[in-house]
Amino acid sequence: MSKIAFLFPGQGAQKAGMGQDFYEKYPSARQIFDQASQWLSLDMKALCFEKNDRLNLTEYTQAALVTTCLAMEKVVEECGLHPDITAGLSLGEYCAIAVSGGMSVKDAIVTVRKRGILMEHAVPAGEGSMAAVIGLDADKIQNAIAGTKAEIANYNCPGQIVITGEKAAVDAAAAACSEAGAKRCVPLKVSGPFHSAMLKGAGEKLADALESVEIHDIKVPYITNVTADYVKSPADVKDYLTKQVSSSVRWQQTIERLIADGADEFVEIGPGRSLSGFMRKINRDVKVVNIDKLEDFEKYVNR
């Protein structure tokens, strides 16, 4: 049986103007942006639609992306398109949970804003870093970095894995990966060593913030980054979100699980086309749709 999966991007997908065309045409999207402004005491229109320096700061990026993706997804569902299953990369998991029914839109946006602040300030600037390793498989990367304190942050797709940790450890790990045959090791423009043990403190503080969040029954199955498996019980949601901050993002494994379970149409909702690019390297035989702009959405619903 055919299944549709909705996918939501993570940090790095943000860009000025994201979601503006949805805001201008659809009242439901406008409502989410305007409500987010009230909930966070931030001008979300200025943050998301205008060129500004804050959009690339983690403490603002995360809330801006989740707001944009959920506003766009609301319009998609209003037109009668609903997912059978959903997943999100890193902060995109908050969108997946909200769409699954497990968390309100308000709680998803407010909590991810707290998450962004905690992650931004978890490690002093310059002490941590991340790098994308291109053209080397996971086992070889794991062997290459074994002598360093670097860790794998993201299993994005075959040929692209991200490493993270203390700057010196990541530099040493990148050199070891290059010696092991990596085509390139590209330093990432990020403000911290995300998805590493250095973020455990931020995860613990996030757990405190999650205590006041109400988790509802999961109506649409979703997969967590931590295990690349379904979250079956609402009681497990907060634990996985806490662990996710310092755990590897198992994105490739997530997509492979979705395909194994019958998902054959994937709809990436949000700015950029990063997840669609990963999909082409994971499996070219499934249908992938990207909804980045209003014209993408209208083409999809009128197909």
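Remember, it's a predicted structure, so these values are computed and weren't measured experimentally. (Residues numbered from 1 in each chain as written. Predicted model: local features only at pLDDT ≥ 70, side-chain atom pairs only at ≥ 80, totals over all residues. Heavy atoms only, no water.)

Working definition: two side chains of opposite charge can pair if their charged atoms are close together. Scanning all chains against the criterion turns up 10 salt bridges. With a shortest N-O distance of 4.0 Å, Arg113 and Glu59 are connected by a salt bridge. Taken together, the residues Arg113 in helix α6 (residues 105-120) and Glu59 in helix α4 (residues 58-78) connect sequence positions 54 residues apart. The class for Glu59 is buried, based on a relative accessible area of 15%. In this structure, Arg273 and Asp296 form a salt bridge, with 3.6 Å as the shortest nitrogen-oxygen distance. Taken as a pair, Arg273 in the loop between β9 (263-269) and α12 (274-282) and Asp296 in helix α13 (residues 294-301) lie far apart in primary sequence, 23 residues in all. For Arg273, a relative accessible area of 43% translates into the label partly exposed. Take Asp296: its relative accessible area is 15%, and that puts it in the buried class. Beyond isolated ion pairs, a larger network of salt bridges with shared partners links Lys15, Arg273, Asp292, Lys293 and Asp296. (Salt bridge = Lys/Arg side-chain N within 4 Å of Asp/Glu carboxyl O. Helix = DSSP H or I, 4+ residues; strand = E, 2+ residues; numbered from the N terminus. Buried < 20%, exposed > 50% of the residue type's maximum accessible area, 1.4 Å probe, protein only.)

On to the packing of aromatic side chains. Evaluated as defined, the whole model comprises 5 aromatic pairs. Ring centres of Tyr23 and Phe33 lie 5.8 Å apart, and the angle between their planes is 75°; this geometry places the pair in the edge-to-face category. Here Phe33 lies in helix α2 (residues 27-40) and Tyr23 lies in helix α1 (residues 20-25), a separation of 10 residues in the sequence. Here the two residues Tyr23 and Phe33 agree in accessibility, since each one is buried. Joined through ring pairs, the aromatic side chains of Phe22, Tyr26 and Phe297 make up one cluster. One cation-aromatic arrangement involves Arg54 over Tyr60; the distance from NZ or CZ to the ring centre is 4.8 Å. (Phe/Tyr/Trp six-rings, centres within 6.5 Å; stacked < 30°, edge-to-face > 60°. Lys NZ or Arg CZ within 6 Å of the ring centre and 35° of its normal.)

Quick look at the side chain of Ser90 now. On the secondary structure map, Ser90 appears in the loop between β2 (85-88) and α5 (92-100). Its relative accessible area of 9% is what places Ser90 among the buried residues. Only 2.8 Å separates the side chain of Ser90 from the side chain of His195, close enough to count as a polar contact. Those residues in contact with Ser90 that lie beyond four places of it in its chain are Arg115, His195, Asn225, Gln244 and Val249. (Polar contact = N/O pair within 3.5 Å; in protein donor to acceptor, adjacent residues only side chain to side chain. Contact = heavy atoms within 4.5 Å.)

The next point concerns the pairing of β9. Here β9 lies mainly inside the structure; 6 of its 7 residues are buried. Both strand β1 (residues 3-8) and β9 contribute to a ladder of 5 bridges, which runs parallel. Each bridged residue has a counterpart across the sheet, and for Phe6 the counterpart in β9 is Val267. Bridge count for β9 against strand β10 (residues 287-291) is 5 bridges, and the pairing is parallel. What sits directly across from Phe266, in β10, is Val288. (Pairing = 2+ DSSP bridges.)

Across the interface, helix α7 (residues 138-145) lies against helix α8 (residues 167-179) with an axial gap of 8 Å and an inter-helix angle of 130°. What the angle tells us is that α7 and α8 run oblique. The way α7 lies across α8 gives a crossing that is right-handed. Residues Ile141, Ala144 and Ile145 of α7 form the contact with α8, whose participating residues are Ala173, Ala176 and Cys177. Split into classes, the residues belonging to the contact of α7 with α8 amount to 6 nonpolar, no polar and no charged. (Axes fitted to C-alpha atoms, helices over the stretch in contact; angles between N-to-C directions. Parallel < 35°, antiparallel > 145°, perpendicular 65-115°, else oblique. Left-handed = near helix turned anticlockwise from the far one by under 90°. Nonpolar A, V, L, I, M, F, W, Y, C, P; charged D, E, K, R; others polar.)

Attention now moves to the nonpolar core. Counting residues in hydrophobic clusters, the biggest one holds 71 residues, and the most contacted among them are Phe22, Met44 and Ile291. The dominant element in this core, judged by the number of residues it contributes, is α4, at 11 residues. Look past the residues within four positions of Phe22 in its chain and what remains in contact with it is Ala29, Met72, Val75, Ile291, Lys293, Leu294 and Phe297. With 19 residues, the next largest nonpolar core counts Ala5, Tyr230, Leu275 and Phe278 among its residues. (Core = buried A, V, L, I, M, F, W, Y, C linked by side-chain atoms within 4.5 Å.)

A separate point is the state of the cysteines. Throughout the structure, instances matching the rule amount to 0 disulfides. With no disulfide of its own, Cys69 lies 4.6 Å from the sulfur of Cys95, the closest cysteine sulfur. Cys69 sits in the buried class, given a relative accessible area of 1%. Cys157 takes part in no disulfide bond, and the closest cysteine sulfur to it belongs to Cys185, at a distance of 15 Å. (Disulfide = S-S within 2.5 Å.)

This is a description of form; function is not addressed.
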